[in-house]
Amino acid sequence: MNRERLPYELEASWKEKDMADGRTVDVQVLIMRTNGCCWAKAGSGGCTMCGYRSASMTDITEEDLNKQIDLALSKYKGEPFVKIYTSGSFFDTSEIPLSIRDRIFREYSGCRRILVESRPEFLTPDLVSTLPGTLTVALGMESSDEEVLRTSVNKGFTAAQSKAAGELLKEHGIGVRTYLLLKPPYLTESDAIEDAVRSARFADSFSDEISINPLNVQHATAVERLWKRGEFRSPWIWSLIEVMKRLSGTVNARLISSPSGGGSQRGVHNCGKCDQEALAAIERFSFSQDPRDLDVQCECKSTWERYMRSEKLLGTADDIGRAFDSDLMIR
Ligand code: SF4
Ligand SMILES: [Zn+2]
């Protein structure tokens, strides 16, 4: 039985490792319950792959948010890096009011690094000039292709806006982590690889880190409807490895990826036999930046290559592995 979701509880919290000042450190990760993303609530339907609408609540008060912070602090063990996610934008005051933002920065002022996420429209020059130097803002740019953003992701802002926000943050000495979406819907596997590589090159000048996020099919999303009809396949891990290999050594930003749902049908996956090894390789590379860490062997690599040739010849981004037995794919 599902437990009732209470407005004064954190959505989730856990500990993980990440980098701060060039070193691997412990991280406290918090997902706060807020009133949710303004874009998802705006009647736009939100981004096509985003399931946060069903995760957020309404009528969350400042008192609730203060209790969530109390809870977070009771679990805090002095980790040098803290990530504070909401189901939207940290700088949207209808999610995180000013007093709460100030309290978070005050309580975590001893941290070496704090990471929050925001849509670019909230990052005004007045705001950015007041932010602590330990802050990194994650920008969900997804793609540098304006057409992909508009028709495939329904992002509601442009890549040019992300770039302007990234440059503004950098001018003020604030860190930037840019998220790119690997395989927005309607793109073939090979187009998705090209899109991610192009987007990373575009983001490099204003990003300290570029996180490649393979699409994970979430519940009650537009992408889930396509996926159920066989019109979408989550990307192959080989594609993620390919993107990392092609970018490695050619961009200044640190390349990272920690796929959610990796190895499942909804998340980035290969044949099932090599998935864990391939995901471990991606994780190692995210820390080391050494492309040799991406060396993975499995016979399904040739199936992935055939998959891409087949979808090109058939002119479709549908899940052709589901439509045909993979042996029937073009060799
Ligand atoms: S992906 Fe981000 S901007 Fe898009 S609907 Fe979800 S929370 Fe909002
Ligand atoms: Zn395999």
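These numbers come from a predicted model, not from an experiment.

**Points about the domain arrangement of the protein chain**
Per the domain assignment, the segments making up the protein chain are domain 1 (1-117) and domain 2 (141-301). Relative to domain 2, the C-alpha centre of domain 1 lies at a distance of 23 Å. Taken residue by residue, the interface counts 19 residues in domain 1 and 21 residues in domain 2. Summed over both partners, the interface of domain 1 with domain 2 comes to about 1500 Å²; 52% of that surface belongs to carbon and sulfur atoms. Linking domain 1 to domain 2 there are three salt bridges. Measuring nitrogen to oxygen at the nearest pair gives 3.0 Å for the salt bridge that ties arginine 177 to aspartate 18. Connecting domain 1 to domain 2 are 13 residue pairs in polar contact (both at pLDDT 80 or more).

**Points about the coordination of the zinc ion (ligand 2)**
At 2.3 to 2.4 Å from the zinc ion (ligand 2) lie its protein donor atoms, namely Cys271 (SG), Cys274 (SG), Cys298 (SG) and Cys300 (SG). Angles of 103 to 113 degrees at the metal separate the four donor atoms of the zinc ion (ligand 2), which places the site in the tetrahedral class. Donor residues for the zinc ion (ligand 2), ordered by position in the chain, follow C-x2-C-x23-C-x1-C. Separated by 26 residues along the polypeptide, cysteine 274 in the loop between β8 (254-256) and α11 (275-288) and cysteine 300 in helix α12 (residues 300-314) bring together distant segments of the chain. Residue class for cysteine 300 comes out buried when judged on its relative accessible area of 5%.

**Topic: the site of ligand 1**
Within the structure, ligand 1 sits among Cys37, Ala40, Cys47, Cys50, Tyr52, Ser87, Gly88, Arg119 and Lys155. Of the residues in the shell around ligand 1, the class split is five nonpolar, two polar and two charged.

**Focus on the packing of helix α8 (residues 189-203) against α12**
One can describe the packing of α8 onto α12 by two numbers: an axis separation of 8 Å at closest approach and a directional angle of 100 degrees. On the basis of their axis angle, the class for α8 and α12 is roughly perpendicular. Together, Glu189, Ser190 and Ile193 of α8 and Trp304, Tyr307, Met308, Glu311 and Lys312 of α12 make up the contact between the two elements. Considering only residue class, the contact of α8 with α12 consists of four nonpolar, one polar and three charged.

**What to know about the sheet that holds strand β5 (residues 135-142)**
Here we have eight strands laid out as an open sheet, ordered β1-β2-β3-β4-β5-β6-β7-β8, and mixed in their pairing. The sheet is open, and its two edges are formed by β1 (12-20) and β8, each paired on a single side. Averaged over all pairs of adjacent strands, the angle between strand axes in this sheet comes to 25 degrees, irrespective of strand direction. Relative to strand β7 (residues 209-214), strand β6 (residues 175-182) runs parallel, the two being bridged by six bridges.

**Some words on the environment of glycine 175**
One can find glycine 175 in strand β6. Linking glycine 175 and glycine 46, residues 129 residues apart in sequence, is a C-alpha distance of 26 Å.

**Some details on the nonpolar core**
When a protein is soluble and globular, its nonpolar side chains tend to lie buried together. If you look at the biggest cluster of nonpolar residues, it comprises 87 residues, and the most contacted ones within it are Ile84 and Phe91. Top contributing element to this core by residue count: helix α10 (residues 237-247), with seven residues. The residues that make up this core include at least three from each of domain 1 (1-117) and domain 2 (141-301). Excluding anything up to four places from it in sequence, phenylalanine 91 contacts Arg101, Phe105, Val116, Ser118, Phe122, Leu123, Leu127, Leu131, Leu135 and Val137. Listed in part, the 10 residues of the second largest apolar core include Phe81, Tyr85, Ala138 and Tyr179.

**Side note on α11**
Under the 1.5 Å per step criterion, the end-to-end length of α11 is 20 Å for 14 residues, consistent within 8% with the ideal 20 Å. Considered for burial, the residues of α11 that qualify are Asp275, Ala278, Leu279, Ala281, Ile282, Phe285 and Ser286. Angular distribution of buried residues about the axis of α11 spans 150 degrees; they occupy a single face of the element. On its buried face, α11 is in contact with α10 and β8. Looking one or two residues past α11, glutamine 289 carries a phi angle of roughly 65 degrees, positive in sign.

**Some details on the pairing of strand β2 (residues 23-31)**
Here nine bridges tie β1 to β2, and the two strands are oriented antiparallel to one another. Bridging across to β2, lysine 17 finds its partner in aspartate 26. Hairpin geometry of β1 and β2 is characterised by an intervening segment of two residues between the two adjacent antiparallel strands and by a positive phi of about 50 degrees at aspartate 21. Inspection of the sheet shows β2 paired to strand β3 (residues 81-85) by five bridges, in the parallel sense. The residue of β3 that forms the bridge with valine 29 is lysine 83.

Conventions we followed
Residues numbered from 1 in each chain as written. Chains lettered and ligands numbered in written order. Predicted model: local features only at pLDDT ≥ 70, side-chain atom pairs only at ≥ 80, totals over all residues. Heavy atoms only, no water. Domains from an automatic or database assignment. Contact = heavy atoms within 4.5 Å. Buried area = accessible area lost by both parts, 1.4 Å probe. Salt bridge = Lys/Arg side-chain N within 4 Å of Asp/Glu carboxyl O. Polar contact = N/O pair within 3.5 Å; in protein donor to acceptor, adjacent residues only side chain to side chain. Donors = N, O, S within 2.8 Å, 3.2 Å for Na, K, Ca; no water. Tetrahedral: all angles 85-135°; square planar, octahedral: opposite > 155°, others 65-115°. Helix = DSSP H or I, 4+ residues; strand = E, 2+ residues; numbered from the N terminus. Buried < 20%, exposed > 50% of the residue type's maximum accessible area, 1.4 Å probe, protein only. Near = heavy atom within 4 Å. Nonpolar A, V, L, I, M, F, W, Y, C, P; charged D, E, K, R; others polar. Axes fitted to C-alpha atoms, helices over the stretch in contact; angles between N-to-C directions. Parallel < 35°, antiparallel > 145°, perpendicular 65-115°, else oblique. Pairing = 2+ DSSP bridges. Core = buried A, V, L, I, M, F, W, Y, C linked by side-chain atoms within 4.5 Å. Expected span 1.5 Å × (residues − 1). Arc of directions from axis to C-beta.

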